[in-house]
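Observations on the three-dimensional arrangement
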Amino acid sequence: VAGLDTVCLTKDELADVMVKDCLFSRANKIAPKVVFSSNGQGISLNATDKSFANIMSQADMIHADGQSVVFASKLFTKKPLPDRIATTDFFHNAARKAQESGLTFFMLGASEEESKLACEKMRIKYPTLKIIGRRNGYFTKDQNQEIIDEINALKPDVLWVALGKPKQEFWCIEMRDKLDVGWIKTCGGLYAFLAG
Ligand code: UDP
């Protein structure tokens, strides 16, 4: 859709793929899958900024975060998307499936306050969900290695990354080969929603 290969799945189907990929990744040492989302801003950047388009082309999967993307798929493609997968909704499908299957989450990004509150609230909402680590998203390039080491020591199945678009997409692609995780999922303003 609008130049981006977009997965034709529902939220629950994407969460099933997450579980399958992460369990496979645990059993077989493979590079993490990078999962991005597309919305109006992403499509516009993809069309106008070559370096962003190059980064987007390296994602393993892109899902339609915005309703406009679903609408465009109905107008311009032969196989319209079944559903909008807003990351703020998808997190809950993912959390339920992670509870059932024992997948672990690491939450990277947002201010210290927002990150802390979002994790506290999700630990209450999903008591058996394993949020095994979190870190705010305000760090320098010099701290990247320290962050990678912190994440790799915990080996989470899903690393959620909220650094704002396009910073988070560049960070995920730059770091993917250094990270010992199953999925790297960008999540923009998610923590503000989770923190309420
Ligand atoms: N953020 C961050 N580090 C940065 C820049 C932004 O952790 O260097 C966080 C910011 O606090 C917010 C999120 O990234 O929680 C960006 O949210 P926004 O809604 O702007 O993201 P978008 O969905 O537009 O990508």
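For the protein chain, the name recorded in an unreviewed UniProt entry is WecB/TagA/CpsF family glycosyltransferase, with Colwellia maritima as its organism.

The next thing to look at is the overall build of the protein chain. When helices and strands are tallied, the protein chain shows 9 helices and 6 strands. Here the protein chain has a C-alpha radius of gyration of 16 Å; the compact-globule value for 196 residues is 16 Å, and the two agree. Considering only C-alpha atoms, the protein chain reaches an extent of 45 × 35 × 35 Å along its principal axes. In the protein chain, which comprises 196 residues, the share counted as buried stands at 38%. Put simply, of all contacts in the protein chain between residues at least 6 apart along the chain, 78% involve residues at least 24 apart.

Running from N to C, helix H1 (residues 11–27) and helix H5 (residues 87–101) point in directions that differ by 45°, and their axes come no closer than 9 Å. One finds that H1 runs oblique with respect to H5. Handedness of the crossing formed by H1 with H5: right-handed. Contact with H1, carried on its side by Lys 11, Asp 12, Leu 14, Ala 15, Asp 16, Met 18 and Val 19, involves Asp 89, Phe 90, Asn 93, Ala 94, Lys 97 and Ser 101 of H5 and no other residues of that element. Counted by class, the contact of H1 with H5 contains 6 nonpolar, 2 polar and 5 charged residues.

Of all residues adjacent to the ligand, which total 15 residues, the nearest are Ala 110, Gly 137, Lys 165, Gly 188 and Gly 189. Counted by class, the shell around the ligand contains 6 nonpolar, 6 polar and 3 charged residues.

Attention shifts here to helix H6 (residues 112–125). Over its 14 residues, H6 runs 20 Å from end to end, which matches the ideal 20 Å to within 8%, given 1.5 Å per residue. Within the sequence span of H6, burial applies to Ser 115, Ala 118 and Met 122. What you see down the axis of H6 is that its buried residues fit within an arc of 70°, all on one side. Away from its buried face by more than 90 degrees, H6 exposes Glu 112, Glu 113 and Ile 124. In this structure, the buried side of H6 is in contact with H5, strand E3 (104–109), strand E4 (130–135) and helix H9 (190–195).

Strand order in this open sheet of 6 strands is E2-E1-E6-E5-E3-E4, and the pairing throughout is parallel. Edge positions in the sheet fall to strand E2 (61–64) and E4, since each of these pairs with one other strand and no more. In this sheet, adjacent strand axes meet at a mean angle of 20° when their direction is disregarded. When E3 meets E4, the two strands line up parallel, connected through 5 bridges. Residue Thr 104 lies in a different strand from E4, and its bridge partner there is Lys 130.

Calculation criteria
Residues numbered from 1 in each chain as written. Predicted model: local features only at pLDDT ≥ 70, side-chain atom pairs only at ≥ 80, totals over all residues. Helix = DSSP H or I, 4+ residues; strand = E, 2+ residues; numbered from the N terminus. Rg over C-alpha atoms; globule rule 2.2 N^0.38 Å. Buried ≥ 20, exposed ≤ 12 C-beta atoms within 10 Å, placed from the backbone. Contact = placed C-beta atoms within 7 Å. Axes fitted to C-alpha atoms, helices over the stretch in contact; angles between N-to-C directions. Parallel < 35°, antiparallel > 145°, perpendicular 65-115°, else oblique. Left-handed = near helix turned anticlockwise from the far one by under 90°. Nonpolar A, V, L, I, M, F, W, Y, C, P; charged D, E, K, R; others polar. Near = placed C-beta within 6 Å. Expected span 1.5 Å × (residues − 1). Arc of directions from axis to C-beta. Pairing = 2+ DSSP bridges.

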